[in-house]
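Coordinate analysis (summary)
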Amino acid sequence: MTRTRFTLGRLAREAGLSRSSLLHHEALGLLMPVARSTAGYRLYDETQHERLRAICAYRAAGLPLAAIRDILESEGNAAAQILEAHLMALTAEISRLKERQKVIATLLAQPSFRRGGKQRGKNAWVAMLRCAGFDEAEMDRWHAGFEAENPDSHAAFLVSLGLTREEVKAIRRRAKLTGSAATGRAGS
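Right, let's walk through the structure included here. None of these values were measured; they are calculated from a predicted model. (Residues numbered from 1 in each chain as written. Predicted model: local features only at pLDDT ≥ 70, side-chain atom pairs only at ≥ 80, totals over all residues. Heavy atoms only, no water.)

1. Overview of the packing of helix α7 (residues 122-131) against helix α8 (residues 136-149)
In contact at an axis separation of 10 Å, α7 and α8 are set at 115 degrees when each is read in the N-to-C sense. Comparing their axes, α8 and α7 come out roughly perpendicular. Two packed elements cross with a definite hand, and for α7 against α8 that hand is right-handed. Of the residues in α8, those in contact with Trp125, Val126, Leu129 and Arg130 of α7 are Glu136, Met139 and Trp142. Its residues assigned to classes, the contact of α7 with α8 shows 5 nonpolar, no polar and 2 charged. (Axes fitted to C-alpha atoms, helices over the stretch in contact; angles between N-to-C directions. Helix = DSSP H or I, 4+ residues; strand = E, 2+ residues; numbered from the N terminus. Parallel < 35°, antiparallel > 145°, perpendicular 65-115°, else oblique. Left-handed = near helix turned anticlockwise from the far one by under 90°. Contact = heavy atoms within 4.5 Å. Nonpolar A, V, L, I, M, F, W, Y, C, P; charged D, E, K, R; others polar.)

2. Some details on the sheet that holds strand β3 (residues 42-44)
The sheet built from 3 strands is open, its strands ordered β1-β3-β2 with antiparallel pairing. Single-partner strands in this sheet number two, and they are β1 (6-7) and β2 (35-36). Judged from the 2 bridges that link them, β2 and β3 form a sheet pairing that is antiparallel. Within the sheet, the bridge partner assigned to Ala35 lies in β3 and is Leu43. (Pairing = 2+ DSSP bridges.)

3. Regarding the pattern of salt bridges
Scanning the model with the defined rule gives 10 salt bridges in all. Of the charged contacts, one joins Glu50 and Arg53 as a salt bridge, the two residues approaching to 1.9 Å between their closest N and O atoms. Of this pair, Glu50 and Arg53 both sit in helix α3 (residues 46-60), 3 residues apart, which is roughly one turn of the helix. With a shortest N-O distance of 2.6 Å, Arg96 and Glu93 are connected by a salt bridge. Highlighted residues: Arg96 and Glu93, both in helix α5 (residues 78-109), separated by 3 residues, approximately one helical turn. Residue Arg96 is classed as partly exposed on the basis of its relative accessible area, which comes to 43%. (Salt bridge = Lys/Arg side-chain N within 4 Å of Asp/Glu carboxyl O. Buried < 20%, exposed > 50% of the residue type's maximum accessible area, 1.4 Å probe, protein only.)

By themselves, these figures tell us nothing about what the structure is for.
The structure is reproduced here in structure tokens:
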């Protein structure tokens, strides 16, 4: 029974990586040839092929190569702990990025950014916030924060979106209720 052997070039093509990437993986001890051909080419077996698939999956998850090496070399529950730590780090980063989104959205709503710039209507503004990952509750909290921080600018911003007086009143009323509810929970 013949065992399948892969050259470095074939392995690279199948993984969609460059040969130099695989050589870097080898230098880090992530991937090792099992033999050399008579011409001196590196040869890898199915085990190394599967290992490369795992490496690619971990890279797609955003893990650095050092963490991947630790996972591949770990025993027992260590791999799960490394992945959990990475997940928690990603969750914290997403939280920081969402805060940045809110700050940018607030800055864009300021009169200094609206003057002379492209005026957006309500639909365009809502679409932009949705693309930034805001759901209804986050938009309500954003309006509540804007209303609490600068009610006059919030009102002017809403008018600049082309909203009717009734729509502006309704959004500001909902923002005040959302702000009051958040303040009530924070004080509990």
